[in-house]
Amino acid sequence: QVQLVESGGGSVQAGGSLRLSCAASGRTFSNYAMGWFRQAAGEEREFVAAISSGGDSTWYSDFVKGRFTISRGNAKNTVYLQMNSLKPDDTAVYFCAKKALGRTIMIIASSYDYWGQGTQVTVSS
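What counts, and at which threshold
- The written sequence of each chain sets the order in which its residues are numbered from 1.
- Per-residue local features of the predicted model are confined to residues with pLDDT of at least 70, and side-chain atom pairs are confined, for both listing and counting, to 80 or more; whole-chain, interface and lining totals are unaffected and use all residues.
- Computation of side-chain values: all heavy atoms of the structure, hydrogens and water removed.
- Note on pairing: two strands pair once DSSP finds at least 2 bridges between them.
- Starting at the N terminus, helices and strands are each numbered in turn, a helix being any DSSP run of H or I of at least four residues and a strand any DSSP run of E of at least two.
- Structural elements are reduced to axes, namely lines fitted to C-alpha atoms, with helices fitted over the stretch in contact, and the angle between N-to-C directions of any two is expressed from 0 to 180 degrees.
- Buried residues are those whose accessible area, probed at 1.4 Å on protein chains only, stays under 20% of the maximum for their type, while exposed residues exceed 50% and partly exposed ones sit between those limits.
- Between two residues, a contact is recorded if the distance between any of their heavy atoms is within 4.5 Å.
- Here a polar contact is recorded for every N or O atom pair within 3.5 Å, except that within protein the pair must consist of a potential hydrogen donor and a potential acceptor, and residues adjacent in sequence are included only if both atoms are side-chain atoms.
- When two cysteine sulfur atoms lie within 2.5 Å, the pair is treated as a disulfide.

Chemist: For this particular structure, what's the right way to read the sheet that holds strand β7 (residues 68-73)?
Modeler: A sheet is described by the order of its strands in space; here four strands give the open sequence β1-β3-β8-β7, paired in antiparallel fashion. The open sheet has two edge strands, β1 (4-7) and β7, and neither has a second partner. Put simply, the sheet's adjacent strands are angled 15° from each other on average, direction ignored. In this structure, β7 lies alongside strand β8 (residues 78-83), joined through six bridges in antiparallel fashion. The partner of Thr-69 across the bridge, within β8, is Gln-82.

This is the structure:
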């Protein structure tokens, strides 16, 4: 069983920055890849970024590439999402998720088997 707890959300003006954190329980955090997804009101959940178990490979959606950075600290069982140059369109609930073993497609929600409760990010213009 894995528990994921996000933090760091909040309200910010356009152009500002936020850093999300996701703390994972368990002793095998370094064995699996992690991802961030987001869901705006009335919209489907969409992929934001993912990182391999060792942190050497990352994936980003086109709409955050160059603005967001995913990283992980395996010693702290934590994955981060640094969000810069935020836009009102980035407003959403952000979720971290653990990729299921054996799943290879990083950008789809069905590849992930554990999810956090989400943290709200609101960007005003």
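Chemist: When you look at the pairing of strand β4 (residues 34-39) in this model, what are you seeing that I'm missing?
Modeler: Within a regular beta strand, the side chains point alternately toward one face of the sheet and then the other, so they alternate between its two faces. Judged by how many residues are buried, β4 sits mostly within the fold: five of six residues are covered. Note that β4 and strand β5 (residues 46-51) share five bridges and pair antiparallel. Each residue of the ladder has a partner; that of Trp-36, found in β5, is Ala-49. The antiparallel hairpin formed by β4 and β5 contains six residues in its connecting segment, where Gly-42 sits at a positive phi of about 80°.

Chemist: It is not clear to me how the environment of Tyr-60 should be interpreted in this structure. Could you clarify?
Modeler: Its location among the elements puts Tyr-60 in strand β6 (residues 58-60). Considering only alpha carbons, one finds Tyr-60 and Trp-36, 24 residues apart in sequence, at a separation of 9.5 Å. When neighbours within four sequence positions are excluded, Tyr-60 is seen to be in contact with Phe-47, Val-48, Ala-49, Lys-65, Phe-68, Thr-69 and Ile-70. A polar contact of 2.9 Å, which involves the side chain of Tyr-60, links it to the backbone nitrogen of Ile-70.

Chemist: What exactly am I supposed to notice about the state of the cysteines here?
Modeler: In a disulfide, the sulfur atoms of two cysteines are held together by a covalent bond. Counted according to the given criterion, the structure contains one disulfide. A sulfur-sulfur separation of 1.9 Å characterises the disulfide bridge that pairs Cys-22 with Cys-96. Because the sign of the S-S torsion sets the handedness, a value of about 50° for the bond joining Cys-22 and Cys-96 places this disulfide among the right-handed ones. Linking Cys-22 in strand β3 (residues 18-24) with Cys-96 in strand β9 (residues 92-99), this pair joins segments that are 74 residues apart in sequence. Under the relative-accessibility criterion, Cys-96 is labelled buried at 0%.

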